[in-house]
Amino acid sequence: MDMGLRNGFIFIFPCVLALSVSVSGRPATFLEDFRITWSESHIRKLDGGRAIQLVLDQNSGCGFASKKQYLFGRVSMKIKLIPGDSAGTVTAFYMNSDTDRVRDELDFEFLGNRTGQPYTVQTNIYAHGKGDREQRVNLWFDAAADFHTYTIMWNHHHIVFYVDEVPIRVYKNNEARNIPYPKLQPMGVYSTLWEADDWATRGGLEKIDWTKAPFLAYYKDFDIDGCPVPGPASCATSTGNWWEGTAYQALNAMEARRYRWVRMNHLIYDYCTDKSRFPIIPPECMAGI
Ligand SMILES: *[C@@H]1O[C@H](CO)[C@@H](O)[C@H](O)[C@H]1NC(C)=O
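What you are looking at is a predicted structure, and each value in this text was computed from that prediction instead of being measured. (Residues numbered from 1 in each chain as written. Predicted model: local features only at pLDDT ≥ 70, side-chain atom pairs only at ≥ 80, totals over all residues.)

1. A closer look at the overall build of the protein
Per the secondary structure count, the protein includes 4 helices and 14 strands. For the protein, the C-alpha radius of gyration of 19 Å lies close to 19 Å, the compact-globule estimate for 289 residues. For the C-alpha atoms alone, the extent of the protein along its principal axes is close to 55 × 50 × 40 Å. For the protein, with 289 residues in total, the buried portion stands at 34%. Relative to all contacts within the protein whose residues are 6 or more apart in sequence, the contacts with residues 24 or more apart total 70%. (Helix = DSSP H or I, 4+ residues; strand = E, 2+ residues; numbered from the N terminus. Rg over C-alpha atoms; globule rule 2.2 N^0.38 Å. Buried ≥ 20, exposed ≤ 12 C-beta atoms within 10 Å, placed from the backbone. Contact = placed C-beta atoms within 7 Å.)

2. A few points about the confidence of the model for the protein
For the protein, per-residue confidence averages 92 on the pLDDT scale, and 91% of positions sit at 70 or higher. Between residues 1-24, whose pLDDT stays under 50, and residues either more than four places distant or in other chains, the model counts 24 contacts. (pLDDT = per-residue confidence, 0-100.)

3. Focus: unusual backbone geometry
With the exception of glycine, the majority of residues adopt a negative phi angle, and the majority of peptide bonds are in the trans configuration. Along the chain, alanine 213 connects to proline 214 via a cis peptide bond; the corresponding omega equals 0°. Considering the arrangement of structural elements, one finds proline 214 in the loop between strand E12 (187-195) and strand E13 (215-229). Put simply, valine 229 and proline 230 share a cis peptide bond, and its omega is 0°. Located in the positive-phi region is histidine 128, a residue other than glycine, with phi close to 50°. Summarising the element assignment, histidine 128 is placed in the loop between strand E7 (120-126) and strand E8 (135-138). Backbone geometry at aspartate 132 places phi at a positive 55°, although glycine is not the residue there. Inspection of the secondary structure puts aspartate 132 in the loop between E7 and E8.

4. A closer look at the pairing of strand E4 (residues 62-80)
Direction of pairing for strand E1 (residues 34-38) relative to E4: antiparallel, over a ladder of 4 bridges. From the neighbouring strand, tryptophan 38 faces E4, where its bridge partner is glycine 63. In the sheet, E4 pairs with E13 via 9 bridges, with the strands oriented antiparallel. Note that in E13 the partner of isoleucine 79 across the bridge is tyrosine 219. With 7 bridges connecting them, E4 and strand E9 (residues 148-154) associate as antiparallel partners. The partner of isoleucine 79 across the bridge, within E9, is histidine 148. (Pairing = 2+ DSSP bridges.)

5. Quick word on helix H4 (residues 253-265)
Its 13 residues place the ends of H4 18 Å apart at the C-alpha level, agreeing with the 18 Å of an ideal helix rising 1.5 Å per residue. Where burial is concerned, little of H4 is hidden: 0 out of the 13 residues are buried. (Expected span 1.5 Å × (residues − 1).)

6. Digging into the environment of glycine 188
Looking at the secondary structure, you find glycine 188 in strand E12. Sequence spacing of glycine 188 and cysteine 62 is 126 residues, and the spatial spacing of their C-alpha atoms is 17 Å. With residues up to four places along the chain from it excluded, the contact list for glycine 188 reads Ala65, Ser66, Gln69, Met95, Asn96 and Asp98.

7. Things to note about the environment of tyrosine 248
Mapped onto the secondary structure, tyrosine 248 falls in the loop between E13 and H4. C-alpha separation for the pair tyrosine 248 and histidine 157, spaced 91 residues apart in sequence, amounts to 8.3 Å.

Shown next, in the form of structure tokens:
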């Protein structure tokens, strides 16, 4: 459905798109859009660079980053997470402004688990330097059996985290109510695979089992549509970008249904309802927002 809509846009507004879109052929190969940032020896290119394998062993984890930063847009990739016993590992896919003092960041963190136990996806949002907005969802499928698409959609209206076609997290632009919203700084796209057994699985109770190493995750179909920075300054404010279109300004009815389904059946933690951390409900969590 998504692709159909998008192709519709391309067909109708070829000129606008030619001006605003950063990448031509889609999906891109790894090296077109990304570079390795941590441990070259632990990232292997597969299928002519169209896919990669990330390796975590006792020597090192690894990471990669986009060559450019983007201000608004949609980033997605297909990921096949670590099979079997992945307890204590964290695979992350996120956007980050790389500005320490006023950090903006949009996080997907995949927390491994013991064999047969569900992978947990933690999402978090930093706006203007403040984070502490964690939510956790247990995946309703075996995330290591197949590739699934993980998407961050970021426009002037909202930020949506998708797992396949299912929205698992929505953060609306409520600047009108003085709620901070990331919109001034471009963000790079990052991914890392590392060991975090002090907190990742059952709060750190489950330790990594190094006899199961190396731990392997696979990525493919890298897809970034956004306003590259540096790039044309007018891009980020242009209403002609497909990701700013009416179809993307709020969840549609089907998405809203799926979002409710996830929250009812698979949400296991929400900072909004964590009274011990937040005796006063954070403003962006108030009903109706
Ligand atoms: C791991 O599995 C346990 C038991 O099913 C579950 O409670 C937990 O949320 C899962 N995820 C993590 C990261 O611990």
